[in-house]
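Structure assessment
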Amino acid sequence: MTVTLEVRDNVGTIRLDRPPMNALDVAVQDRLRELAEEAGRRDDVRAVILYGGEKVFAAGADIKEMQAMDHAAMVVRSRALQESFTAVARIPKPVVAAVTGYALGGGCELALCADFRIAADNAKLGQPEILLGLIPGAGGTQRLARLVGPSRAKDLIFTGRQVKAEEALAIGLVDRVVPAAEVYEQAHAWAARLARGPALALRAAKESVDAGLETDIDTGLTVERNWFAGLFATEDRERGMRSFVEEGPGKAEFL
């Protein structure tokens, strides 16, 4: 399999495994969608890691495969491509990208689908599609601009340049930089911590933030209000408040 889902301690790792560079061909894209949807459904998965292995996250699309496609083929395929990445972005659970080596083109776009990004100190990220006479097609023009702002996004997209981990951290493209040998370990620690949290409240928080970014503030506040009130019907809310009153803050254990 070119992409697998492994579960440990309620953390699901979606692992790219297409040596040497984890090129994102059609088969990988379709498998990503399948496993993202599976991770979203499974009760034993409460948080997710996106990982490409110790050497490389994903160096981009399979250019030879794309070169063989004409306009008509890409009109059809581009929707499936975006839907695969959107499936990852819409996993209703916390998702962290553990970025090693190159995360370029589609690899960078995949990392953008995560809620949090931990990068190796030797990582390089970028959207080099312009160098092929193209633009990002898996969400890069949209998610990158929302994450780092339009000017910085245009700089990266217009030039196609790669940024090292330190610059990626400075502009908000990644959230933490660690030694390369510690990337997966730290990603798993982040995910495992959230896997012990209240699943419905985490889902509500993620969907409220993401939905709010796509609309005006009044609509976003309505989404937030509905989720906030709805959580009062959950066992997690009862457990959390009871623990706070009886034991103090931060001691609740959620199922």
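In what follows, the structure referred to is the one given above.
Attention here is on the structure that accompanies the text.

A word on the packing of aromatic side chains
- Taken as a whole and judged by the stated rule, the model has three aromatic pairs.
- Where Tyr51 meets Tyr184, the ring centres are 4.8 Å apart and the plane angle is 40°; that geometry is what we call tilted. With a gap of 133 residues between them, Tyr51 in strand E3 (residues 47-51) and Tyr184 in helix H8 (residues 183-195) connect regions that are remote in the sequence.
- A relative accessible area of 10% places Tyr51 in the buried class.
- Residue class for Tyr184 comes out partly exposed when judged on its relative accessible area of 23%.

Some words on the pattern of salt bridges
- Taken as a whole, this structure holds 15 salt bridges when the rule is applied.
- Between Asp30 and Arg77 there is a salt bridge, with its nearest N and O atoms 2.8 Å apart. Of the two residues, Asp30 sits in helix H1 (residues 26-41) while Arg77 sits in helix H3 (residues 71-89), which places them 47 residues apart along the sequence.
- According to the relative accessible area criterion, Asp30 is partly exposed, its value standing at 32%.
- Overall, the relative accessible area of 14% leaves Arg77 in the buried class.
- Taking the shortest distance from any N to any O, the salt bridge between Asp44 and Arg42 comes out at 2.8 Å.
- On the accessibility criterion, Asp44 (32% relative accessible area) is partly exposed.
- The class of Arg42 is partly exposed, set by a relative accessible area of 27%.
- A network of salt bridges, in which partner residues are shared, links Arg18, Asp25 and Asp62.

A word on the pairing of strand E1 (residues 3-8)
- With six bridges connecting them, E1 and strand E2 (residues 11-16) associate as antiparallel partners. Bridge pairing in E2 places Glu6 opposite Thr13.
- Hairpin connection from E1 to E2: two residues lie between these consecutive antiparallel strands, with Asp9 at a positive phi of about 55°.

Thoughts on the side chain of Thr234
- You can see Thr234 is positioned in the loop between helix H10 (217-230) and helix H11 (235-247).
- Here the side chain of Thr234 touches Leu231 through a polar contact of 2.7 Å, landing on its backbone oxygen.
- For Thr234, the side chain forms a polar contact with the main-chain nitrogen of Arg237, separated by 3.2 Å.

A few points about the packing of helix H9 (residues 199-213) against H10
- For the pair H9 and H10, the least separation of the axes is 9 Å and the interaxial angle reads 170°. Judged by the inter-axis angle, H9 sits roughly antiparallel to H10. Each of Leu200, Arg203, Ala204, Glu207, Ser208, Ala211 and Gly212 in H9 lies in contact with H10, whose residues at this interface are Gly220, Val223, Glu224 and Trp227.
- For the contact of H9 with H10, the class distribution of residues is five nonpolar, three polar and three charged.

Description of a negative patch on the surface
- On the surface, a cluster of negative charge is made up of Asp121, Glu166, Glu182 and Glu185.
- Here Asp121 is to be found in the loop between strand E6 (116-120) and strand E7 (124-126).

Rules of the game
- Think of each chain on its own: its residues are numbered from 1, step by step along the sequence as written.
- The predicted nature of this model means local features are confined to residues of pLDDT at least 70 and side-chain atom pairs, given and counted, to a pLDDT of 80 or more, with totals for whole chains, interfaces and linings taken over all residues.
- Heavy atoms throughout the structure, all of them, feed into the side-chain values; hydrogens and water do not.
- Ring pairs are drawn from Phe, Tyr and Trp, using the six-membered ring of Trp, whenever the two centres fall within 6.5 Å, and their geometry is named by plane angle: stacked under 30 degrees, edge-to-face over 60, tilted for the rest.
- The helix and strand labels rest on DSSP assignments: H or I over at least four residues marks a helix, E over at least two residues marks a strand, and numbering proceeds from the N terminus.
- Think of it in three bands: with a 1.4 Å probe and only protein chains considered, a residue is buried below 20% of the maximum accessible area for its type, exposed above 50%, and partly exposed in between.
- The term salt bridge refers to a pairing of a side-chain nitrogen on Lys or Arg with a carboxyl oxygen on Asp or Glu at a separation within 4 Å.
- Two strands qualify as a pair provided that DSSP identifies no fewer than 2 bridges between them.
- Between N or O atoms, a polar contact is any pair within 3.5 Å; within protein, one atom must be a potential hydrogen donor and the other a potential acceptor, and residues adjacent in sequence are included only when both atoms are from side chains.
- To get an axis, a line is fitted to the C-alpha atoms, and for a helix only the part in contact is used. The angle between two axes follows their N-to-C directions and goes from 0 to 180 degrees.
- Note that the term roughly parallel is reserved for angles under 35 degrees, roughly antiparallel for angles over 145, roughly perpendicular for angles of 65 to 115, and oblique for everything else.
- What makes two residues a contact is simply this: any of their non-hydrogen atoms within 4.5 Å.
- Throughout this entry, Asp, Glu, Lys and Arg are counted as charged residues, while Ala, Val, Leu, Ile, Met, Phe, Trp, Tyr, Cys and Pro are counted as nonpolar. The remaining residues, Gly among them, count as polar.
- Excluding any residue in a salt bridge, patches collect residues exceeding 30% relative accessible area, merging like charges within 9 Å and nonpolar Val, Leu, Ile, Met, Phe, Trp and Tyr side chains within 5 Å.
- With residues, only the protein chains shown are counted as cover, and all accessible areas are computed by Shrake-Rupley using a 1.4 Å probe.
- Positive charges come from Lys and Arg, negative ones from Asp and Glu, while His and the chain ends are left out of the count.
- Every charge is mapped to an atom, namely NZ of Lys, CZ of Arg, CG of Asp or CD of Glu.

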